[in-house]
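# Tertiary structure, described
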Amino acid sequence: MANIYELRRYGKLAFLVAAAGVVALFLAFSDSLIRDLSQQERERMEIWADATQQLLAATSGAEEVDAANIDFLLGIIQRNTTIPVLLTDADGNISQFRNFELPVADDNPAYGLPSNQANVAFLQDRLAALQEGSRRIVIEVAPGVEQYLYYEDSTLLRRISVFPFVQLLVMLAFIAVVYFAVLSTKKAEQNKVWVGLSKETAHQLGTPISSLMAWMELLGDMGVDADTIAEMNKDVNRLSTIASRFSKIGSAPRLERRDLNSVVSSAAGYMSTRISPKVNLTIDTAAEAQPVDASAPLLEWVIENLIKNAVDAMEGHGDLSVKVVAGPSGPAIEITDTGKGISRKNFKTVFNPGYTTKSRGWGLGLTLAKRIVEQYHGGSIFVARSIPYQATTFRIELPYSD
């Protein structure tokens, strides 16, 4: 069973690793796409800068350019309707700007500085930010005379840059939904198996228990010692109780107001005569009654199961204590043994179905105990502490009865 549990855990890990790999590949592809688009915009801006350079040279008379070429150059400049650009002189004074969304409407937003001071301040702030980056292209207007073209990402590129993160969130949400849906389905299937197994076990035990009860009546008539018959009756009644416990799995048990001291004393007292005499069992109940709403047969089952596990962990010899402790919100049961202990990484794992360190164990005892305590009684069960071969404590916390 331990191997099956390990394989199941590795299967979950493999699923998460595969999902992480898919996400990483997607991000790598998106990053490559963004870099390619950014490079294309850089090349467009270089063409735009060349056109601006030639147009400035033509308008200044430094070069002769025919009308057709001027129209062509103007067409290149005017076709840029998406990439925000700023054109400045060598001293950083803005001479032209395009495709910026100004905070205040302006009559002539495409050329020269705007008339509104708020817009001027806005463009100066954007220029200062661009001057700190690397998106600058030098335009040589004339020998020794330079202008600078600064540009930002286009609206399309900015949207594409954000889109991978949106898709990443969607993918992670989808993976999480699938993962938890699979876990929920597996848990539901496991619950059905346990419930079916429990009820079938109770059904199968019914016939031999009834037969044993009939034989007990005959043993008295056959002259068997009365004390022997009384002890055998205890075990037959215990079998009947166990069958009743199994039959209750899968259906909400009837909870009754009980004193936790008496429930613990009954379960631990029964186990005291059925464990190794080399185990020193001590039972310490609270000074006052601890009222709880409980199904006594199921809660006793949990206590007996923890005691059995503790005896197995001690290999039949050591000290074992069962203690009822009063708390502010409810009483607690602490079962402490001096066995081999539990590593901290397995404090929660021990309650998973299939986990066991026994060669013949099914790994369902603590799982059922957790279900009984948490789902049926509204409490909690956990490993409080564990020091190998010194002290390992399981703690059950229950709410007080209303």
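Quick notes on the rules
- Residues numbered from 1 in each chain as written.
- Predicted model: local features only at pLDDT ≥ 70, side-chain atom pairs only at ≥ 80, totals over all residues.
- Heavy atoms only, no water.
- Pairing = 2+ DSSP bridges.
- Helix = DSSP H or I, 4+ residues; strand = E, 2+ residues; numbered from the N terminus.
- Axes fitted to C-alpha atoms, helices over the stretch in contact; angles between N-to-C directions.
- Contact = heavy atoms within 4.5 Å.
- Expected span 1.5 Å × (residues − 1).
- Buried < 20%, exposed > 50% of the residue type's maximum accessible area, 1.4 Å probe, protein only.
- Arc of directions from axis to C-beta.
- Phe/Tyr/Trp six-rings, centres within 6.5 Å; stacked < 30°, edge-to-face > 60°.
- Lys NZ or Arg CZ within 6 Å of the ring centre and 35° of its normal.
- Left-handed = near helix turned anticlockwise from the far one by under 90°.
- Nonpolar A, V, L, I, M, F, W, Y, C, P; charged D, E, K, R; others polar.
- Salt bridge = Lys/Arg side-chain N within 4 Å of Asp/Glu carboxyl O.
- Lys, Arg positive; Asp, Glu negative; His and termini not counted.

## Quick look at the sheet that holds strand β2 (residues 94–98)
The antiparallel open sheet is built from four strands, whose spatial order is β2-β1-β4-β3. Every other strand in the sheet has two partners, leaving β2 and β3 (136–142) as the edge strands with one partner each. Ignoring strand direction, the axes of neighbouring strands in this sheet form an average angle of 20°. Bridging between strand β1 (residues 85–89) and β2 involves four bridges; their strand directions are antiparallel. If you follow T88 over to β2, its bridge partner there is I94. Relative to the sheet, helix α3 (residues 117–131) contacts β1, β2 and β4 (145–151), its axis offset from that of β1 by approximately 85°.

## Some words on helix α6 (residues 260–272)
With 13 residues, α6 extends 18 Å from end C-alpha to end C-alpha; this agrees with the ideal 18 Å at 1.5 Å per step. Every buried residue belonging to α6 is among L260, N261, V263, V264, A267, A268, Y270 and M271, and all of these are buried.

## Considerations on α3
Over its 15 residues, α3 runs 21 Å from end to end, which matches the ideal 21 Å to within 8%, given 1.5 Å per residue. Buried residues of α3: N119, V120, L123, L127 and L130, and no others. One side of α3 carries all its buried residues, which in axial view fall inside an arc of 100°. Looking at α3, the residues exposed on the side facing more than 90 degrees away from the buried face are Q117, D125 and A129. Against the buried residues of α3 lie β1, β2 and β4.

## Observations concerning the packing of aromatic side chains
Within this structure, the stated rule accounts for two aromatic pairs. Ring geometry for Y179 versus F180: centroids 5.4 Å apart, planes at 80°, classification edge-to-face. The residue whose ring lies beneath K370 is F351, and the NZ or CZ to ring-centre distance is 5.2 Å.

## As for the packing of helix α7 (residues 296–313) against helix α8 (residues 365–376)
The description of two packed helices rests on the angle between their axes and on the distance between the axes. Contact geometry for α7 and α8: axes closest at 10 Å, N-to-C directions at 145°. In terms of crossing hand, the pair formed by α7 and α8 is left-handed. For the pair α7 and α8, the contacting residues are L298, W301, V302, N305, L306 and N309 in the first and G365, L366, L368, A369, I372, V373 and Y376 in the second. Taken together, the residues of the contact of α7 with α8 break down into ten nonpolar, three polar and no charged.

## Side note on the sheet that holds strand β6 (residues 279–284)
Ordered in space as β6-β8-β9-β11-β10, the five strands form an open sheet in which the pairing is mixed. Every interior strand has two partners, whereas the edge strands, β6 and β10 (380–387), have only one. Mean inter-strand twist for the sheet, computed between neighbouring axes without regard to direction, equals 15°. In the sheet, β6 pairs with strand β8 (residues 318–325) via six bridges, with the strands oriented parallel. Bridged to N280 within β8 is D319. Contacting β10 and β11 (391–397), α8 crosses the sheet at an angle of about 130° to β10.

## Notes on unusual backbone geometry
Backbone geometry at N99 places phi at a positive 65°, although glycine is not the residue there. Assignment of secondary structure puts N99 in the loop between β2 and α3.

## Examining the pattern of salt bridges
Summed over all chains, the structure comprises nine salt bridges. Notably, a salt bridge pairs R126 with E152, separated by 2.6 Å at the nearest N-O pair. Taken as a pair, R126 in helix α3 and E152 in the loop between β4 and α4 (155–221) lie far apart in primary sequence, 26 residues in all. The exposure class assigned to R126 is partly exposed, which follows from its relative accessible area of 26%. Judged by its relative accessible area of 13%, E152 falls in the buried class. Between E256 and R254 there is a salt bridge whose closest N-O contact spans 3.9 Å.

## Points about the side chain of D337
The topology assignment puts D337 in strand β9 (residues 332–337). Buried and without a salt bridge, D337 has K340 as its closest oppositely charged side chain, separated by 9.9 Å. If near-sequence neighbours (up to four positions away) are discounted, D337 is found in contact with A310, A313, M314, D319, L320, Q390, A391 and T392.

Geometric values such as these leave the question of function open.
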